[in-house]
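Structural overview for review
What follows is the residue order along each chain.
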Amino acid sequence: PTEITLLTLNVNGIRSALENGLLQFLQDNPHDILVATELKLSEKSIPGIRQALSQQYTTVEIHAGHNSSGVLIASKLDEEPVFTTGMPHVDSTVEEPRVLTASFHLTPMVIVAVYVPFNNPKTVNRDIYAATFRQRLFEYLAQIHPRTSQRYRDVIVAGDFQVALADIDESVQVLESPGSTTAERQDFHDILVLGFSDTFRDLHPATREYTCESTYPEWNIPGQTKRASKRIDHILVSPRVKPIESRI
């Protein structure tokens with residue numbers, strides 16, 4: 001058995017986050033592996049960000065180059081993993097930097113960083129893209145799950161899934177609001193049925209805590225609320241991974 005501490009963090013622009021104390025935050029919250037999402041990072045900025053993070057991590061891999069997405073995995077483990085970008089062996093129609101996978105050998109595990117597209121009804125065809133992405137993600141995770149993979153590696157999937165699975169995962173209930181639609185919840189539920197566990201909910205079955213707070217009008221009831229919260233960032237694990245602690 002090996003103990004691993006993993007931190008997932010939506011940075012909402014990593015350059016701005018670094019200017020506002022990200023390195024100190026990472027130092028104050030000890031962990032072995034960092035999954036960061038929504039980097040908002042151009043290709044030319046990647047080397048500078050990698051250098052800054054290398055002060056604390058043995059290995060830093062960044063999958064970015066898009067103004068609204070991007071993911072990274074940074075590890076303090078001695079072993080340098082094998083990285084793959086995107087979702088290999090899954091049919092791709094549109095490719096944005098939203099999935100990055102790290103495969104470790106000495107500790108046989110796979111870390112998948114995920115930044116699911118926001119199901120924004122005000123952006124033309126974004127709901128179709130988001131739904132297609134979720135289906136492809138399901139197919140990819142089904143392929144690498146230990147029950148179906150040719151080589152057994154425990155799998156940890158972390159990042160921003162853009163969905164609150166149940167009413168307990170949101171502070172305001174708005175019928176069919178983005179991040180809580182029936183389709184989004186079903187797609188997330190299907191991933192759990194594959195054989196993944198929601199670490200936070202498993203350890204805190206009745207706790208109301210959230211990872212995102214927003215004034216986004218689609219999340220609020222006009223005249224009643226101005227700011228709503230949802231638990232849309234998750235860490236999912238395959239069966240042999242036993243969560244000891246999970247906190248927001």
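Preceding this paragraph is the structure being described.
Residues numbered from 1 in each chain as written. Predicted model: local features only at pLDDT ≥ 70, side-chain atom pairs only at ≥ 80, totals over all residues. Heavy atoms only, no water.

**Focus on unusual backbone geometry**
Despite not being glycine, E38 has its phi angle at roughly 55 degrees, a positive value. Inspection of the secondary structure assignment puts E38 in the loop between β2 (33-37) and α3 (46-53). In this structure, E176 takes a positive phi of about 55 degrees despite not being glycine. Within the fold, E176 resides in the loop between β8 (154-160) and α5 (182-195). (Helix = DSSP H or I, 4+ residues; strand = E, 2+ residues; numbered from the N terminus.)

**Digging into the pattern of salt bridges**
Pairing is possible between side chains of opposite charge, provided their charged atoms come close. By the definition in use, this model includes 13 salt bridges. R126 is the partner of E96 in a salt bridge, and the nearest nitrogen-oxygen pair spans 3.4 Å. Separated by 30 residues along the polypeptide, E96 in the loop between β5 (82-85) and β6 (99-104) and R126 in helix α4 (residues 126-144) bring together distant segments of the chain. The burial state of E96 is the same as that of R126; both residues are buried. Close ionic contact of D169 with R201 constitutes a salt bridge, the shortest N to O distance being 2.5 Å. Taken together, the residues D169 in the loop between β8 and α5 and R201 in helix α6 (residues 199-203) connect sequence positions 32 residues apart. In this structure R201 comes out as buried when scored by relative accessible area, which is 15%. One network of salt bridges, with partners in common, ties together D167, E170, R185 and K230. (Salt bridge = Lys/Arg side-chain N within 4 Å of Asp/Glu carboxyl O. Buried < 20%, exposed > 50% of the residue type's maximum accessible area, 1.4 Å probe, protein only.)

**Looking at the sheet that holds β2**
The sheet built from 4 strands is open, its strands ordered β1-β2-β4-β3 with mixed pairing. Sheet topology places β1 (6-10) and β3 (59-63) at the edges, where each strand pairs with a single neighbour. Put simply, the sheet's adjacent strands are angled 10 degrees from each other on average, direction ignored. Relative to strand β4 (residues 71-75), β2 runs antiparallel, the two being bridged by 5 bridges. Opposite I33, over in β4, you have S75 as the bridge partner. Along the sheet, α3 contacts β3 and β4; its crossing angle with β3, the most-contacted strand, is approximately 150 degrees. (Pairing = 2+ DSSP bridges. Axes fitted to C-alpha atoms, helices over the stretch in contact; angles between N-to-C directions. Contact = heavy atoms within 4.5 Å.)

**Considering the sheet that holds β8**
Overall, mixed pairing links the 6 strands, which are arranged β5-β6-β7-β8-β12-β9 in an open sheet. The open sheet has two edge strands, β5 and β9 (197-198), and neither has a second partner. Here 7 bridges tie strand β7 (residues 109-115) to β8, and the two strands are oriented parallel to one another. If you follow M109 over to β8, its bridge partner there is D154. Where α4 meets the sheet, its contacts fall on β5, β6, β7 and β8, and the angle it forms with β7 comes to roughly 175 degrees. Sitting on the sheet, α5 touches β9 and β12 (233-237), and the angle it makes with β12 is about 20 degrees.

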